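A structural walkthrough
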Protein chains: 10
Amino acid sequence: MTHDAPALGRAVALPADPDSATLDRVPNPHADTDYVTRFVCPEFTSICPVTGQPDFAHLVIDYIPDRWLVESKSLKLYLGSFRNHGAFHEDCTVAIGKRLATTLEPRWLRIGGYWYPRGGIPIDVFWQTGKAPDSVWIPDQGVPPYRGRG
Amino acid sequence: MTHDAPALGRAVALPADPDSATLDRVPNPHADTDYVTRFVCPEFTSICPVTGQPDFAHLVIDYIPDRWLVESKSLKLYLGSFRNHGAFHEDCTVAIGKRLATTLEPRWLRIGGYWYPRGGIPIDVFWQTGKAPDSVWIPDQGVPPYRGRG
Amino acid sequence: MTHDAPALGRAVALPADPDSATLDRVPNPHADTDYVTRFVCPEFTSICPVTGQPDFAHLVIDYIPDRWLVESKSLKLYLGSFRNHGAFHEDCTVAIGKRLATTLEPRWLRIGGYWYPRGGIPIDVFWQTGKAPDSVWIPDQGVPPYRGRG
Amino acid sequence: MTHDAPALGRAVALPADPDSATLDRVPNPHADTDYVTRFVCPEFTSICPVTGQPDFAHLVIDYIPDRWLVESKSLKLYLGSFRNHGAFHEDCTVAIGKRLATTLEPRWLRIGGYWYPRGGIPIDVFWQTGKAPDSVWIPDQGVPPYRGRG
Amino acid sequence: MTHDAPALGRAVALPADPDSATLDRVPNPHADTDYVTRFVCPEFTSICPVTGQPDFAHLVIDYIPDRWLVESKSLKLYLGSFRNHGAFHEDCTVAIGKRLATTLEPRWLRIGGYWYPRGGIPIDVFWQTGKAPDSVWIPDQGVPPYRGRG
Amino acid sequence: MTHDAPALGRAVALPADPDSATLDRVPNPHADTDYVTRFVCPEFTSICPVTGQPDFAHLVIDYIPDRWLVESKSLKLYLGSFRNHGAFHEDCTVAIGKRLATTLEPRWLRIGGYWYPRGGIPIDVFWQTGKAPDSVWIPDQGVPPYRGRG
Amino acid sequence: MTHDAPALGRAVALPADPDSATLDRVPNPHADTDYVTRFVCPEFTSICPVTGQPDFAHLVIDYIPDRWLVESKSLKLYLGSFRNHGAFHEDCTVAIGKRLATTLEPRWLRIGGYWYPRGGIPIDVFWQTGKAPDSVWIPDQGVPPYRGRG
Amino acid sequence: MTHDAPALGRAVALPADPDSATLDRVPNPHADTDYVTRFVCPEFTSICPVTGQPDFAHLVIDYIPDRWLVESKSLKLYLGSFRNHGAFHEDCTVAIGKRLATTLEPRWLRIGGYWYPRGGIPIDVFWQTGKAPDSVWIPDQGVPPYRGRG
Amino acid sequence: MTHDAPALGRAVALPADPDSATLDRVPNPHADTDYVTRFVCPEFTSICPVTGQPDFAHLVIDYIPDRWLVESKSLKLYLGSFRNHGAFHEDCTVAIGKRLATTLEPRWLRIGGYWYPRGGIPIDVFWQTGKAPDSVWIPDQGVPPYRGRG
Amino acid sequence: MTHDAPALGRAVALPADPDSATLDRVPNPHADTDYVTRFVCPEFTSICPVTGQPDFAHLVIDYIPDRWLVESKSLKLYLGSFRNHGAFHEDCTVAIGKRLATTLEPRWLRIGGYWYPRGGIPIDVFWQTGKAPDSVWIPDQGVPPYRGRG
Ligand SMILES: [Ca+2]
Ligand SMILES: [Ca+2]
Ligand SMILES: [Ca+2]
Ligand SMILES: [Ca+2]
Ligand SMILES: [Ca+2]
Ligand SMILES: [Ca+2]
Ligand SMILES: [Ca+2]
Ligand SMILES: [Ca+2]
Ligand SMILES: [Ca+2]
Ligand SMILES: [Ca+2]
Ligand SMILES: [Ca+2]
Ligand SMILES: [Ca+2]
Ligand SMILES: [Ca+2]
Ligand SMILES: [Ca+2]
Ligand SMILES: [Ca+2]
Ligand SMILES: [Ca+2]
């Protein structure tokens with residue numbers, strides 16, 4: 001009943017797992033100054049290593065670029081590479097942050113992972129590379145807390 | 001860097017595609033009366049048949065059971081079976097509704113598919129099996145409209 | 001470490017299960033007229049018959065009394081009697097509605113059960129005794145839909 | 001009227017009280033770095049030691065793991081062990097925080113207990129093990145304040 | 001420590017109870033046409049007849065005037081006359097509606113009483129004089145439902 | 001028309017004024033540690049000393065107990081004692097804070113008084129006993145600002 | 001201290017009162033079809049005839065044009081002409097609606113006047129020229145209700 | 001200072017005006033059934049014919065397809081073609097609806113145009129091709145009303 | 001058509017301009033302690049010096065009184081005196097703050113002026129007399145930002 | 001079908017690109033004091049240098065003027081000059097901030113650029129000229145985060 005053309009029913013572009021994904025960087029056009037770039041990624045999904053069932057998260061990434069900006073298409077593919085990959089919530093969130101930090105060598109970076117509830121209890125994970133510089137303006141990520149029902 | 005134990009890195013339980021998924025039903029304990037059951041599924045993802053990239057949707061399903069209720073674990077697996085399956089937004093939403101209607105033979109059923117934006121323009125799809133019975137109470141689905149930024 | 005005085009650590013007043021609970025009624029002081037009474041019960045919990053784990057729900061009950069109003073303390077104890085009782089979501093919600101309808105013989109009654117998510121998918125259940133009278137004013141229950149994260 | 005199969009109507013898995021509950025821990029995969037893990041538990045209930053009636057709370061726990069992460073299933077059972085246990089609001093919230101701190105030996109931990117109103121006045125309790133480290137990012141818990149009606 | 005000037009510490013103007021209060025009316029300047037007037041009264045309080053403790057409500061009154069409008073200062077004093085008066089929630093709300101209907105002889109009137117929670121369960125009461133005329137526009141009262149915490 | 005049984009129509013329990021009210025305290029079970037207790041009191045009313053008309057406020061009280069916790073029933077009665085008492089907004093809010101501070105000898109205390117508008121302009125009052133200790137976690141009170149209409 | 005240049009400190013363009021204001025109309029470019037035009041006017045102010053003090057309102061006007069559309073600059077000036085004009089809430093709102101109906105000869109028109117609170121009680125006024133045509137789509141005005149504080 | 005590579009600084013793909021834009025259609029895969037497709041377009045801009053300054057709108061389009069669905073890329077380009085085109089609010093909104101209706105020959109279509117304020121007063125425009133079929137489910141568009149400030 | 005009794009149609013009490021307005025002060029009953037008083041004034045209007053058209057603002061004033069409190073009726077009249085007075089947004093907001101600071105000699109004062117949009121762009125102005133004392137609690141003003149539409 | 005008068009269909013006033021736009025300044029009437037001026041610009045659009053398609057952003061600019069204020073009409077035209085200009089998100093936002101800083105020589109300035117999502121992931125950019133002075137009050141910009149759907 002669903003659309004089922006031969007060539008379409010398979011994912012053509014997603015890397016098979018995070019290790020296979022390339023994260024590209026481009027020169028920062030304002031490398032002489034401190035500013036923050038934020039990516040909001042509400043479309044993240046991975047696989048629970050214990051149950052094999054899908055997990056979902058809303059990710060928010062803030063960083064102060066130094067010489068490099070992340071190339072946004074490669075970021076999207078990198079995040080998509082978790083689609084068939086087993087990953088625990090705490091581990092996965094911090095690992096994404098560290099991979100970005102290694103690639104971009106930013107002045108500072110943080111990631112918030114806001115995971116959908118399992119067993120009635122969602123997990124949020126907050127990591128940053130270190131104390132944020134005082135002279136830079138970094139607004140709250142402002143993701144509403146999980147609240148149950150009512 | 002991410003967790004990568006041999007047995008865990010693959011999805012073990014998700015059906016390969018919607019046709020392979022079984023949707024089970026159990027007897028309705030209140031078949032003598034009209035009532036509505038609503039499922040909210042904010043964790044739906046499929047593959048865009050054109051680009052091969054992931055799509056995401058928030059699905060809400062309302063139905064008035066007749067003899068059958070949907071078995072909730074099988075519903076979850078059925079929805080999960082779209083994970084690696086190509087499907088257009090309008091088509092996919094209506095097809096899920098029709099599959100449920102065929103399986104459950106409900107007195108009435110509707111589905112709302114609230115898709116994440118592509119090209120700056122999200123698509124929502126609203127389908128029902130026919131006019132809702134006057135004597136049944138069916139609240140609005142109440143999903144906030146997409147609003148852009150600001 | 002928690003407070004643990006001998007006499008306090010056990011529930012003294014809750015009925016052991018719904019069948020043991022008495023639901024009292026008092027005369028309606030405005031039996032000559034149609035009006036609606038709404039109870040919002042955000043503190044409902046029962047036990048999942050399959051897993052033995054607790055379930056939680058936010059319940060909203062609307063009714064048009066005829067000769068009787070529900071006695072509110074007995075309603076609270078009746079709802080509390082599900083605390084150690086196994087009950088499926090759809091069944092439990094409708095059964096509470098029917099018990100109230102049997103006891104109060106109202107002109108009309110409805111119940112909305114808004115259950116906390118399990119497996120990422122919450123269930124809502126909506127039941128009423130029949131079509132609401134046209135001449136009575138019955139506002140929406142207005143419970144926000146489940147939305148996941150983000 | 002409710003579902004009442006013999007084997008299902010009793011809670012099989014919940015520990016009888018907090019002292020009987022085991023809180024497990026697993027190794028922290030990122031013990032070389034500071035990050036925060038947040039659990040939101042909107043499904044907490046205990047018994048009022050004075051009246052024997054149920055109390056409800058929305059709990060939010062933040063911690064910076066050192067060598068250990070809490071094992072999430074044991075956390076769920078530990079919190080469930082308060083279901084038939086008498087506990088005052090202030091005492092209970094702080095005691096849960098201290099039990100977690102003793103078990104996990106975290107670098108830092110805090111707990112917010114947002115209790116449902118009694119006598120028209122809800123109580124919130126906020127405890128932490130000490131001043132939060134400056135270099136770690138810990139967002140507000142963001143639980144909306146109680147507001148009465150209107 | 002509080003301000004305590006002799007003449008000020010007593011209420012000078014509130015009627016002692018609803019029966020002592022006068023509800024005045026003034027001519028409707030647009031008696032040739034149907035329109036709705038809404039009063040929102042978030043400052044209502046009365047006394048619980050059982051416990052002697054204060055109760056609070058948020059009241060919203062809608063009416064289609066015929067020959068008379070309510071004089072707003074007398075409405076305020078009438079509502080204030082419940083301050084030291086014992087009244088049950090359902091009864092009180094409907095009685096206020098009936099008193100207004102008797103005094104104003106409106107084409108139609110309704111009242112919503114949104115009471116603050118007692119025992120964890122708030123009561124809302126909705127009464128109207130009859131079916132609202134089709135040709136008049138009467139927006140929802142839009143009072144948010146009680147939601148507990150979280 | 002309202003319920004008017006002889007014994008019920010009078011307030012039996014409220015102290016006549018704040019000076020007559022007793023504010024009780026109980027031992028702090030966690031006196032070895034710093035934590036915050038918050039009371040939200042949306043049901044406060046007093047009398048305007050100038051006009052004799054009722055005033056209403058939403059009060060939020062935060063404190064770090066030292067040896068004592070406030071006994072919550074006596075707090076409720078103390079606040080209720082303002083019901084027939086004349087008090088200016090600024091004065092009343094600070095006086096309540098000081099009375100609590102004198103009684104509880106807390107390590108720190110603050111009170112926010114959010115008054116309903118008079119003359120189109122609401123007054124909010126914010127008082128604390130002194131600078132809050134750095135090592136304690138004290139969330140914002142989060143009361144939405146007055147906004148008029150629209 | 002404020003800016004006070006000779007030519008600027010006086011209103012040059014506002015009509016002195018509603019009777020002096022001209023309300024212009026322009027041809028409807030889609031007179032062959034039914035559609036709704038909505039104006040939201042959150043900047044309305046007039047004078048209370050009793051106290052001489054300013055009143056404020058948020059006005060929303062919906063109409064189905066027939067041959068004419070209102071010229072928007074003249075609408076703005078007409079509404080501004082109430083700035084120094086005495087007008088009661090109910091009367092003023094309906095009068096504005098009638099003036100627009102007389103000028104535009106629309107197929108249908110309604111006005112909602114959402115007035116800022118006086119004496120703790122805001123007044124809303126809802127008027128329309130008659131039953132709205134079934135075949136036209138007219139969304140709710142969606143103005144949040146007054147809620148006091150908290 | 002801004003990025004200014006030779007080939008990039010010009011719009012390459014937008015049609016010069018609505019008449020030059022092609023609106024394509026594709027076959028409806030569920031032509032045997034009634035359902036609704038919604039597009040939310042928060043990125044619409046045109047030119048004010050009077051002042052030559054940019055105008056902005058948030059557009060929401062709902063339709064029940066018959067034989068055709070709109071091809072979404074061509075819709076995006078069609079809406080983009082207003083970027084340098086003069087158009088009044090009421091006229092433009094209805095004209096877009098009519099162009100879609102002519103192209104798609106839908107069973108029913110509506111458009112809501114929510115324009116940004118000019119002169120302190122925003123205009124909303126609501127048009128549909130006729131009464132919506134009773135048997136189809138069409139949720140509210142749910143765009144929040146303009147509210148000014150506060 | 002509007003109410004037009006001879007004595008009522010003119011403003012009797014508003015000062016003609018800010019210089020003519022008297023701002024009164026009364027003794028601070030808690031001069032021995034630091035606390036904050038907040039006034040929210042959503043009903044402010046002045047005249048644009050350039051166009052002669054009305055401007056509107058939502059003002060929020062916070063101060064720590066020393067010996068004096070502002071007399072609230074005189075504050076209302078002072079703000080009302082801008083009704084027919086020309087004033088630029090930035091200048092007017094700061095000037096009001098300075099006038100209050102001069103009159104009240106407070107320990108500290110700030111004013112936020114949230115102006116309604118002109119030309120699609122609202123202006124907000126934030127001024128304070130100096131760094132706020134560390135030991136005083138001053139909540140955010142919490143006025144929602146302007147957001148356009150959608 | 002749309003309005004198409006010869007003289008109106010072209011933008012008459014917008015500068016062709018940012019370099020052609022003049023940004024004017026006027027003297028600061030309160031140069032003796034520190035205060036913040038905020039502009040919210042929800043109507044910003046530019047062209048993507050890669051695809052030639054329109055981009056949209058919500059911009060918020062805060063600054064502490066020294067000798068100069070920005071002339072608001074020239075600011076509007078300057079922002080409008082990006083309408084047909086190619087610009088990357090990060091670059092464009094910082095470049096606008098630097099242009100304002102160069103022109104106004106403010107004591108401090110910051111800009112937040114909240115871009116509409118592309119590829120499911122919006123980018124926000126936050127830049128300021130340096131650490132904000134301690135003694136000035138600068139509220140959060142308070143723009144809600146992007147949240148996807150649900
Ligand atoms: Ca720096
Ligand atoms: Ca039926
Ligand atoms: Ca927007
Ligand atoms: Ca009836
Ligand atoms: Ca979501
Ligand atoms: Ca650290
Ligand atoms: Ca009528
Ligand atoms: Ca809840
Ligand atoms: Ca301490
Ligand atoms: Ca401490
Ligand atoms: Ca407003
Ligand atoms: Ca028609
Ligand atoms: Ca309230
Ligand atoms: Ca049909
Ligand atoms: Ca001080
Ligand atoms: Ca300074």
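Everything numeric in this text was worked out from a predicted model, so none of it was measured.

So, on to helix α2 (residues 89-104) of chain H. All names here are of chain H. With 16 residues, α2 extends 23 Å from end C-alpha to end C-alpha; this agrees with the ideal 22 Å at 1.5 Å per step. Taken across its 16 residues, α2 has 15 buried, putting it largely inside the fold. Positive phi shows up at Glu105, right after α2, with a value of about 45°.

Another aspect to go through is the side chain of Thr93(A). All names here are of chain A. Locating Thr93 in the fold gives a position in helix α2 (residues 89-104). A polar atom in the side chain of Thr93 sits 2.7 Å from the backbone oxygen of His89. Non-local contacts of Thr93, meaning those with residues more than four positions away in its chain, are made with Ile111, Gly112, Gly113, Trp115 and Val125.

Turning our attention to the coordination of the calcium ion (ligand 7). Residue and element names in this part refer to chain E. Protein-derived coordination of the calcium ion (ligand 7) comes from Asp34 (OD) and Ser135 (OG), at a distance range of 1.6 to 2.8 Å. Taken together, the residues Asp34 in the loop between β1 (25-27) and β2 (35-47) and Ser135 in the segment after β6 (123-128) connect sequence positions 101 residues apart. Its relative accessible area of 26% is what places Asp34 among the partly exposed residues. Judged by its relative accessible area of 31%, Ser135 is partly exposed.

Take the UniProt feature "active site" (unreviewed entry) in chain A next. All names here are of chain A. The residues that UniProt annotates with the feature "active site" (unreviewed entry) are Cys48 and Asp55. Position of Cys48 relative to the elements: it lies in the loop between β2 (35-47) and β3 (54-64). Apart from the residues within four sequence positions on either side, Cys48 is in contact with Gln53 and Asp55. Residue placement: Asp55 occurs in strand β3. Taking relative accessible area as the criterion, Asp55 reaches 3% and is therefore assigned buried. For Asp55, the residues in contact, after removing those within four places along its chain, are Phe44, Thr45, Ser46, Ile47, Cys48, Ala87, His89, Trp115 and Arg118.

Position of Thr33(H) relative to the elements: it lies in the loop between β1 (25-27) and β2 (35-47). On the basis of relative accessibility, which here comes to 11%, the residue Thr33(H) falls in the buried class. Along the chain, Thr33(H) and Asp66(H) lie 33 residues apart, while their C-alpha atoms are 8.5 Å from each other. Apart from residues lying up to four places away in sequence, Thr33(H) is in contact with Val94(B), Lys98(B), Trp127(B) and Arg107(H). Only 2.8 Å separates the side chain of Thr33(H) from the side chain of Trp127(B), close enough to count as a polar contact.

A word on the arrangement of the chains. Taking C-alpha atoms as the reference, chain C and chain G come no closer than 14 Å and do not contact one another. Spatially, chain E is disjoint from chain I: no contact exists, and the shortest C-alpha separation is 8 Å.

The subject of this paragraph is the interface of chain D and chain A. With 25 residues of chain D in contact, the opposing surface of chain A contributes 26 residues. In total, chain D and chain A occlude about 2200 Å² of area from one another, counting both sides; carbon and sulfur atoms represent 62% of this. At the boundary of chain D with chain A, the tally comes to one salt bridge. Taking the shortest distance from any N to any O, the salt bridge between Lys98(A) and Asp32(D) comes out at 3.3 Å. At the boundary of chain D with chain A, the tally comes to nine residue pairs in polar contact (both at pLDDT 80 or more). The element best represented in the side of chain D that touches chain A is strand β2 (residues 35-47) of chain D, accounting for nine residues. Class assignment of the residues belonging to the side of chain D that touches chain A gives a composition of 12 nonpolar, seven polar and six charged.

The rules behind the values
Residues numbered from 1 in each chain as written. Chains lettered and ligands numbered in written order. Predicted model: local features only at pLDDT ≥ 70, side-chain atom pairs only at ≥ 80, totals over all residues. Heavy atoms only, no water. Helix = DSSP H or I, 4+ residues; strand = E, 2+ residues; numbered from the N terminus. Expected span 1.5 Å × (residues − 1). Buried < 20%, exposed > 50% of the residue type's maximum accessible area, 1.4 Å probe, protein only. Polar contact = N/O pair within 3.5 Å; in protein donor to acceptor, adjacent residues only side chain to side chain. Contact = heavy atoms within 4.5 Å. Donors = N, O, S within 2.8 Å, 3.2 Å for Na, K, Ca; no water. UniProt positions renumbered as here; feature names shortened; annotations may be inferred. Buried area = accessible area lost by both parts, 1.4 Å probe. Salt bridge = Lys/Arg side-chain N within 4 Å of Asp/Glu carboxyl O. Nonpolar A, V, L, I, M, F, W, Y, C, P; charged D, E, K, R; others polar.

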